[in-house]
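# Architecture at a glance
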Amino acid sequence: GRLNSRFFDATLLQERYNPLFAAAIPETTFLFPVPQIYSTEGITPAMFFRRLALFLDALPPGLRYAMEVQNREFLVPEYFEMLRDRRVVQVIGGGAGMPALLDRLLLPGISGACGLIVRMSAEREPEMAAAVRELVHRCGGTTPVVLLLEDRTEVALMAFAVLMEQLNGELSQRSVIRKRAA
């Protein structure tokens, strides 16, 4: 690949998307998926973080944003801190060369996120049940989490439903709503 000269270009973002941002309701979440960046592009983690910071700082305030990267070397505390400081939700999805879902949930700095969107697949993630339990343990009651199950098979959906039922007791114990009502 060649270096894209408009990579994380805040001016381009404002030129093309300001009407969309202006029309958005506050509950809207804008997801920015970043495809894998190859070594031939010459973008180091330091360069990536510098450009990402400028890009995120150029986003209109008052809306919600989420970021997903596909490079293992970017999943460091500095990255998670940058997202947290700007109230950007971390998306954890699948990707070639990325650590397993459970390993990503154990990364230093990820549990302090202002939110997580977790894309998972029972077919790709055989440890899905362990990963969801880890999510509940690390984030339950303190960090908003959205689970997106990518499987559309009845077996996968039933397995996920059983897992949610098993976790219901633990989730309800951590529920902020229940704590407020008590």
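In this text, all values refer to a predicted model and were calculated from it rather than measured experimentally. Think of each chain on its own: its residues are numbered from 1, step by step along the sequence as written. The model is predicted, so local features are restricted to residues of pLDDT at least 70 and side-chain atom pairs to those at 80 or more, both for listing and for counting; the totals for chains, interfaces and linings are taken over all residues. The side-chain numbers reported here are obtained from all heavy atoms of the structure, hydrogens and water having been left aside.

### A closer look at helix H3 (residues 77-85)
Type-normalised accessible area, obtained with a 1.4 Å probe on protein chains alone, sets the label of each residue: buried when under 20%, exposed when over 50%, and partly exposed for intermediate values. By the criteria applied, helices consist of DSSP H or I runs no shorter than four residues and strands consist of E runs no shorter than two, each listed in order from the N terminus. Of all the positions in H3, only Tyr79, Phe80, Met82 and Leu83 are classed as buried. The buried residues of H3 occupy an angular sector of 155 degrees when the element is viewed end-on, so they sit on one face. A contact between two residues is defined here by any heavy atoms of the two lying within 4.5 Å. Contacts from the buried residues of H3 go to helix H2 (45-57), strand S2 (64-68) and strand S3 (88-92). Arg87 sits one or two residues past H3 and shows a positive phi near 55 degrees. An arc is given here, and it is the one of the directions from the helix axis to the C-beta atoms.

### Section: the pairing of S3
By the criterion of burial, S3 is predominantly enclosed, with five of the five residues buried. With three bridges connecting them, S2 and S3 associate as parallel partners. Pairing of Ala66 across the sheet is with Val89, part of S3. Running through H3, the crossover from S2 to the neighbouring parallel element S3 is right-handed. Only when DSSP finds a minimum of two bridges between them are two strands counted as paired. Bridge count between S3 and strand S4 (residues 116-120): three bridges; the pairing is parallel. Here the term right-handed applies to a crossover when the path leading from its first strand over the helix to its second strand runs clockwise, the strands being oriented away from the viewer.

### What about H2?
With 13 residues, H2 extends 18 Å between its outermost C-alpha atoms, agreeing within 8% with the 18 Å of an ideal straight helix rising 1.5 Å per residue. Looking at the packing, one finds that the buried side of H2 touches helix H1 (10-23), strand S1 (29-33), S2, H3 and S3. Take the number of residues in a helix, subtract one, and multiply by 1.5 Å to get its expected span.

### Topic: unusual backbone geometry
Outside of glycine, negative phi angles account for most residues, and trans bonds account for most peptide bonds. The phi dihedral of Arg87 falls on the positive side, at around 55 degrees, and the residue is not glycine. Look at Arg87 and you get exposed, because its relative accessible area is 59%.

### Quick look at the packing of aromatic side chains
Each aromatic pair joins two rings of Phe, Tyr and Trp (for Trp, the six-membered one) with centres within 6.5 Å, and gets the label stacked for planes under 30 degrees apart, edge-to-face for over 60, and tilted for any other angle. For the structure on display, the rule yields twelve aromatic pairs. Ring centres of Phe49 and Phe74 lie 6.0 Å apart, and the angle between their planes is 65 degrees; this geometry places the pair in the edge-to-face category. Taken together, the residues span a long stretch of sequence, with Phe49 in helix H2 and Phe74 in the loop between S2 and H3 at a distance of 25 residues. Feature note: the residues Phe8, Phe21, Phe30, Phe32, Phe48, Phe49, Phe55, Tyr65, Phe74, Tyr79 and Phe80 constitute an aromatic cluster, connected by ring pairs.

### Details of the environment of Gln36
Relative to the helices and strands, Gln36 resides in the loop between S1 and H2. Spatially, the C-alpha atoms of Gln36 and Gly95 are 8.4 Å apart, while their sequence positions differ by 59 residues. Not counting the four nearest positions on each side in its chain, Gln36 is found in contact with Glu41, Gln70, Asn71 and Ala96.

### Some words on the sheet that holds S1
Spatial ordering of the open sheet is given by S1-S2-S3-S4-S5, a layout of five strands whose pairing is parallel. On the outer flanks of this sheet lie S1 and strand S5 (145-149), each paired with one strand and no other. Strand-to-strand twist across the sheet, computed as the mean angle between neighbouring axes with direction ignored, equals 20 degrees. Comment: axis = line fitted to C-alpha atoms, over the contacting stretch for helices; angle = value between 0 and 180 degrees taken between N-to-C directions. Contacting S2 and S3, H3 crosses the sheet at an angle of about 135 degrees to S3.

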